[in-house]
Amino acid sequence: MKNNKIALLPGLSLFLCFCLLTGSGKLTAYLGGGAPLIALAELVSFAVPFAMAVFSMREQKTLRRRLKYRRLPKGALGLTVKVGITVALLSLFLNLLIYQVAGMAGADLSATALDAPQTGLGFAARLLVIVVLSAVVEELYLRGALLTVHEQSVGTSACLLFSGLAFAMLHGSLLNFAGPLLAGIAYAYLTYIFKSVWPAVLAHAVNNLYYMFVLWITDTYAAFGIWNYFAAINGLVLLLFLYLSLRSLENLLAKDLVPHFEKSAGLYDLWLLIRNPGVAAFVLAFAAKLILDWLG
């Protein structure tokens, strides 16, 4: 009975994380934001689920190794930064495409570009809270604790896909779903091949930093019609960094500096994760938020 209760904790931690993110987001907006309040909300929203996931582990040696800083192979840092930029470019491009399909061309992307509210935040506060803090706490939970828990029960491919799905749903929006889905898979893959969560943290921080740059440049030069050229420029730069990322990964794989991908039982393994009652509650909460946002 005790083992069954512990098995529920990873899924329940996702449900709790979603509830805390949704509630704290509304609370910070109501109170007017501010760096300390936003930072506290972000920290609590991921620290408590992190503790639940860690408590559910059968053994924590893998987690301790994953959280420990380790010397990365030559070329790993370059790959990590390139992946972070590629993910940011691809996410933004997908957001632009979805906005076009939804008939919202030219709409302000700031509502879906970043995970945290920015009300009352100066540049230094945005850098600390949105770029650094959010990347650290989100990756420690999702790619540190939760990915490690799932790897103890199912194969790698199911873990990577589920990590992306969870990350996307935690954003709480269909308009900003495809980008985080791919980002979550990419961050999980970096954690897998380097056996450390810190490359994922760096890639995530690079992603958020790029969005800060995009919001600044579009706000600054909106009067000059930058949106008329932004999608095309973003697409060209995306192709460049996608090529550079794949070349870097190819070099590391050719030199056996990172492990080759291990397949799993595919959809069946994914089903083993989704059937967790806590995950089901998380999915229902996500669906309920979408409906309430649509009705509102």
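Structure: above.
Chemist: Explain a nonpolar patch on the surface to me, and be specific about the residues and the numbers.
Modeler: Side chains of I291, L292, W294 and L295 sit close together on the surface and give an oily, nonpolar patch of about 540 Å² of accessible area. When you line up the elements, L292 lands in helix α12 (residues 277-295).

Chemist: Tell me about a positive patch on the surface, residues and numbers included.
Modeler: Side chains of K61, R64, R65, K68, R70 and K195 sit close together on the surface and give a patch of like positive charge. With respect to the element layout, R64 can be found in helix α3 (residues 61-67). Accessibility expressed as a relative area gives 51% for R64, which makes it exposed.

Chemist: Outline empty space enclosed by the protein, supporting the account with residue identities and numerical values.
Modeler: Scanning the model with the defined rule gives two cavities of 30 Å³ or more in all. The space that makes up the second largest cavity amounts to roughly 40 Å³. L142, L146, L147, H150, C159, F162, S163 and A166 together form the lining of the second largest cavity. Within the residue set of the lining of the second largest cavity, elements represented by two or more residues are α6 (123-151) and α7 (156-170). In the lining of the second largest cavity, the residues fall into six nonpolar, two polar and no charged.

Chemist: Got a sec to walk through the layout of surface pockets? Specific residues and values, please.
Modeler: Regions of empty space are outlined by a rolling probe, equal in size to a water molecule, passed over the atoms. Of the volumes computed, that of the second largest pocket is approximately 480 Å³. Lining the second largest pocket are 20 residues, with A7, P10, V149, S153 and N276 positioned closest to its centre. Mapped by element, the contributors of at least two residues to the lining of the second largest pocket are α1 (2-30), α6, α11 (267-274) and α12. Counting residues per element, the lining of the second largest pocket draws most heavily on α1, which supplies five residues.

Chemist: Which residues make up the packing of aromatic side chains, and what are the values?
Modeler: The full count for this structure, using the stated rule, is nine aromatic pairs. When the ring of F177 is compared with that of F286, the centres are 6.0 Å apart and the planes differ by 40°; the resulting orientation is tilted. Of the two residues, F177 is situated in the loop between α7 and α8 (178-194) and F286 in helix α12; the sequence distance between them amounts to 109 residues. The class of F286 is buried, set by a relative accessible area of 7%.

Chemist: Give a description of the pattern of salt bridges that names residues and reports values.
Modeler: Within the structure shown, the criterion is met by four salt bridges. The partner of E250 in a salt bridge is R247, and the shortest N-O contact between them spans 3.7 Å. Placement of both E250 and R247 in helix α10 (residues 227-254) is noted, with a separation of three residues, approximately one turn of the helix. Residue R247 is classed as partly exposed on the basis of its relative accessible area of 39%. The salt bridge involving K289 is made with D293; its shortest N-O contact spans 2.8 Å. With K289 and D293 both in helix α12, this residue pair falls four residues apart, about one helical turn. Overall, the relative accessible area of 42% leaves D293 in the partly exposed class.

Basis of the calculations
- Residues numbered from 1 in each chain as written.
- Predicted model: local features only at pLDDT ≥ 70, side-chain atom pairs only at ≥ 80, totals over all residues.
- Heavy atoms only, no water.
- Patch = residues over 30% accessible without salt bridge, like charges linked within 9 Å, V, L, I, M, F, W, Y side chains within 5 Å.
- Areas by Shrake-Rupley, 256 points an atom, 1.4 Å probe, with all protein chains shown as cover.
- Salt bridge = Lys/Arg side-chain N within 4 Å of Asp/Glu carboxyl O.
- Helix = DSSP H or I, 4+ residues; strand = E, 2+ residues; numbered from the N terminus.
- Lys, Arg positive; Asp, Glu negative; His and termini not counted.
- Charge placed at Lys NZ, Arg CZ, Asp CG, Glu CD.
- Buried < 20%, exposed > 50% of the residue type's maximum accessible area, 1.4 Å probe, protein only.
- 1 Å grid on protein atoms, 1.4 Å probe; cavity = no way out; pocket = protein on both sides within 12 Å on 5 of 7 lines; lining within 4 Å.
- Points joined across faces, edges and corners; volume = space filled by probe spheres on them.
- Nonpolar A, V, L, I, M, F, W, Y, C, P; charged D, E, K, R; others polar.
- Phe/Tyr/Trp six-rings, centres within 6.5 Å; stacked < 30°, edge-to-face > 60°.

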